[in-house]
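Structural overview
Residue strings, one per chain:
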Amino acid sequence: MRFLQPCAHGRGDGEEPEWPPSPLRVFQALVAAAAARWNERTRLEYAVPALEWLAKQPAPTVIASQGVPSGVKYRLYVPDNVADKVAKAWSGGNTSASIADSRTEKDVRPTHLIGKSDELPAVNYLYPIGDTDSEFATHKETLVTAARSVTHLGWGVDMVAGDARVLSEEEAANLTGEHWRPAAGASTTQLRAPRAGTLNALAQKHEAFLNRLSADGFKPVPPLTVFDTVGYRRDTEPAAREWVAFRITSVDPDAPNPSFDAPAKCRDVAAWVRHATGEVCRNWPFSDFASFVHGHTESGLQTKGERADERFMYLPLPSIERRGDRREHVGAIRRVLVAAPPGFGERIEWIRRRLPGQELVWDNRAQGLLNALPDSDWVLRRYTENAQTWSTVTPVIWPGHDDHDPEKAARLLRKAFVDAGFARAVVDAITELDWRPVGFRAGAELASRYALPDRLNGRRYHVRVRFAHPVRGPLAVGAGRYRGLGVFAAE
């Protein structure tokens, strides 16, 4: 699908800009195009077998031009459908009546598309086809014709020129754009995709739309519910970490829930959670208990080598408090998050079932209880959502000495992102990177005031980073990333 203008307006869940357009969106465009091409406006028949076959295919790889969501909305005023009332007012002598008095505000936030200088932006959907797939051969001509009949993808202003053809592996590899592939586990972008039954559900929705007005009055059209939601990730994006979060509550049900000063207690809260995790994981069915839970070998030596990153992160989360016009403020610690590298979801599930109710103990006294925290918690989502700009709530410990050389400091900081699992291409594409002793957020203390974990003594700074594309949290960077320091929240 080649866009005839450098912007798109399709929206996904939460009314956020959707890019790339989901496989379900292009499937709906094919259905509409087929109805128009074969003049079946009320009931689709000719292309049904081909579309049903397409809906059953695995989610496609998507190769799309770069899309950058607009950071600023603009507002349209759409006239309401009240021309009959205005005309009636005019006929009654009220010449001051105007359609302009009845308008609905509509905020628009387009996605700007960046293609090659000599071609229009495009999005390609690649479905693998076997050489011996005889069923595809019977549908090929219908699907190609339907695709070439697509004129819009998204809103009515999003005009496209559609096409479809069979590509060789080599031709597919030469397509330009960002490669988005279905990804298991925690993913960066959730896109809707058709499945068996989607076409029938679309037909039922269309029929409900045609019959929404009757002698019984207006009948709302039900939303489409028959589709899959597939996680997609760019080739250059790091896989999101698996995680589970908890709220720290009081041991005494009659006492208020505890809170902990971030500069003084961040290190300690991380240690308490690690201890509690160690207690519930002693008999777990996985290997490498000591290194994965505590970050050291059975003999107590620090884990090193290629698998040194295969361990839990214990991240106390300072509250992000909204304070009216004074914007957001970093507060005390009331929540914690435990994260594991991608691919270790079963270990997160293990502690998700066992840590709730565990005490955080220090000096033989319970400091609090861990209780499950829903993923919808507003503060938690500031640490786990998808965002381009992030800044620290606890300072990053440099992974080496910068010798007070800004260029060397920049190299160390980029190295810290690579060490934390970011692809080199993602780090090289960072558009803004800044650091300083003072926090970028209100309430974040001077970096030097945060207590350091044992055996960590590097320089530390607060950091703000803006990636070329949104990145999903949690983000923790630097030498203290396993123990609560170098934690970022989305801006």
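Located above this text is the structure these notes cover.
All values reported here derive from a predicted model rather than from experimental measurement. (Residues numbered from 1 in each chain as written. Predicted model: local features only at pLDDT ≥ 70, side-chain atom pairs only at ≥ 80, totals over all residues. Heavy atoms only, no water.)

Take the overall build of the protein chain next. When helices and strands are tallied, the protein chain shows twelve helices and 25 strands. On the principal axes, the C-alpha backbone points of the protein chain span a range of 80 × 70 × 50 Å. Taking all 491 residues of the protein chain together, 45% fall into the buried category. A fraction of 75% describes how many contacts in the protein chain between residues 6 or more apart in sequence connect residues 24 or more apart. A total accessible area of about 25,500 Å² is found for the protein chain, and carbon and sulfur atoms account for 49% of it. Of the charged side chains in the protein chain, 64 are positive and 61 negative; the average position of the first set lies 4 Å away from that of the second. (Helix = DSSP H or I, 4+ residues; strand = E, 2+ residues; numbered from the N terminus. Buried < 20%, exposed > 50% of the residue type's maximum accessible area, 1.4 Å probe, protein only. Contact = heavy atoms within 4.5 Å. Areas by Shrake-Rupley, 256 points an atom, 1.4 Å probe, with all protein chains shown as cover. Lys, Arg positive; Asp, Glu negative; His and termini not counted. Charge placed at Lys NZ, Arg CZ, Asp CG, Glu CD.)

Over its 15 residues, helix α1 (residues 23-37) extends 21 Å from the first C-alpha to the last, a length consistent with the 21 Å expected when each residue adds 1.5 Å. Extensive coverage of α1 is indicated by the burial of eleven of its 15 residues. Listed in full, the buried residues belonging to α1 are Pro23, Leu24, Arg25, Val26, Phe27, Ala29, Leu30, Val31, Ala33, Ala34 and Ala35. On its buried side, α1 packs onto α2 (48-55), β8 (123-126), α4 (134-148), β11 (189-193), α6 (198-210) and β14 (228-234). One or two positions beyond α1, positive phi appears at Asn39, with a value near 50 degrees. (Expected span 1.5 Å × (residues − 1).)

Right, let's get into the nonpolar core. Formed by 42 residues in total, the largest nonpolar core has its most connected members in Phe3, Phe27, Leu51, Val123 and Leu153. By residue number, the principal contributor to this core is α1, which donates nine residues. Dropping the residues within four chain positions of it, Leu153 is found in contact with Met1, Phe3, Pro21, Arg25, Val26, Ala29, Val123, Tyr125, Asp158 and Val160. Counting 37 residues, the second largest nonpolar core, distinct from the first, contains Trp284, Phe292, Val293 and Leu485. (Core = buried A, V, L, I, M, F, W, Y, C linked by side-chain atoms within 4.5 Å.)

Burial along β8 is one-sided: the face carrying Val123 and Tyr125 is buried and the face carrying Asn124 and Leu126 is not. Across four bridges, strand β3 (residues 61-64) lies against β8 in antiparallel orientation. Residue pairing for β8: Thr61 is matched across the bridge by Leu126. (Pairing = 2+ DSSP bridges.)

The relative placement of two packed helices comes down to the angle between their axes together with the axis-to-axis distance. Two elements in contact, α1 and α6, have axes whose closest approach is 11 Å; the angle formed by their N-to-C orientations is 60 degrees. Taken together, the axis directions place α1 and α6 in an arrangement best described as oblique. At the point where α1 passes α6, the crossing takes the right-handed sense. Each of Leu24, Phe27, Gln28 and Val31 in α1 lies in contact with α6, whose residues at this interface are Thr198, Leu199 and Leu202. Its residues placed into classes, the contact of α1 with α6 shows five nonpolar, two polar and no charged. (Axes fitted to C-alpha atoms, helices over the stretch in contact; angles between N-to-C directions. Parallel < 35°, antiparallel > 145°, perpendicular 65-115°, else oblique. Left-handed = near helix turned anticlockwise from the far one by under 90°. Nonpolar A, V, L, I, M, F, W, Y, C, P; charged D, E, K, R; others polar.)

Our focus in this paragraph is the sheet that holds strand β17 (residues 328-340). Pairing is antiparallel across the open sheet formed by five strands, whose spatial order is β16-β17-β15-β19-β18. Edge positions in the open sheet fall to β16 (313-322) and β18 (359-362), since each of these has one partner strand only. Averaged over all neighbouring strand pairs, the angle between strand axes comes to 40 degrees, with direction disregarded. Inspection of the sheet shows strand β15 (residues 242-249) paired to strand β19 (residues 365-372) by four bridges, in the antiparallel sense. By the bridge assignment for β19, Phe246 is matched with Ala372. The strands that helix α9 (residues 345-354) touches are β15 and β17; relative to β15, the one it contacts most, it runs at about 20 degrees.

Here we take up empty space enclosed by the protein. The gaps left among the atoms become clear once a water-sized probe is rolled over them. Within the structure shown, the criterion is met by one cavity of 30 Å³ or more. Taken together, Phe3, Ala8, His9, Gly10, Glu18, Trp19, Pro21, Arg25, Leu153 and Gly154 make up the lining of the largest cavity. Its residues assigned to classes, the lining of the largest cavity comprises five nonpolar, three polar and two charged. (1 Å grid on protein atoms, 1.4 Å probe; cavity = no way out; pocket = protein on both sides within 12 Å on 5 of 7 lines; lining within 4 Å. Points joined across faces, edges and corners; volume = space filled by probe spheres on them.)

Turning next to the packing of aromatic side chains. Applying the stated rule across the entire model yields 17 aromatic pairs. Their ring planes at 55 degrees and their centres at 4.8 Å tell us that Trp398 and Tyr461 sit as a pair that is tilted. Here Trp398 is found in the loop between β21 (396-397) and α11 (406-419), whereas its partner Tyr461 is found in strand β23 (residues 460-472), with 63 residues between them in sequence. Of the two residues examined, Trp398 and Tyr461, each falls in the buried class. For the ring pair Phe417 and Phe422, a centre distance of 5.7 Å and an interplane angle of 75 degrees mean the geometry is edge-to-face. Each member of the pair, Phe417 as well as Phe422, carries the same accessibility label: buried. Each member of the aromatic cluster is reached from another via a ring pair, and the members are Trp284, Phe286, Phe292, Phe312, Tyr314, Phe344 and Trp350. The positively charged end of Arg311 is found above the aromatic ring belonging to Tyr482, 3.9 Å away from the centroid. (Phe/Tyr/Trp six-rings, centres within 6.5 Å; stacked < 30°, edge-to-face > 60°. Lys NZ or Arg CZ within 6 Å of the ring centre and 35° of its normal.)

Another aspect to go through is a nonpolar patch on the surface. Taken together, the side chains of Leu4, Leu120 and Met159 define a hydrophobic patch exposed on the protein surface, amounting to about 260 Å² of accessible area. Looking at where Leu120 falls in the secondary structure, it is placed in the loop between β7 (111-114) and β8. On the accessibility criterion, Leu120 (40% relative accessible area) is partly exposed. (Patch = residues over 30% accessible without salt bridge, like charges linked within 9 Å, V, L, I, M, F, W, Y side chains within 5 Å. Salt bridge = Lys/Arg side-chain N within 4 Å of Asp/Glu carboxyl O.)

Viewed as axis vectors pointing N to C, α1 and α2 meet at an angle of 175 degrees, and their least axial separation amounts to 11 Å. Judged on the interaxial angle alone, α2 and α1 are roughly antiparallel. In this structure, α1 uses Phe27, Leu30, Val31 and Ala34 to contact α2, whose residues at the interface are Leu51, Leu54 and Ala55. Partitioned by chemical class, the residues of the contact of α1 with α2 number seven nonpolar, no polar and no charged.

We now examine the sheet that holds strand β4 (residues 66-69). Strand order in the open sheet made by the three strands is β2-β7-β4, with antiparallel pairing throughout. Looking at the sheet topology across the chains shown, the edges are occupied by β2 (7-8) and β4. Inspection of the sheet shows β2 paired to β7 by two bridges, in the antiparallel sense. Note that in β7 the partner of Cys7 across the bridge is His112.

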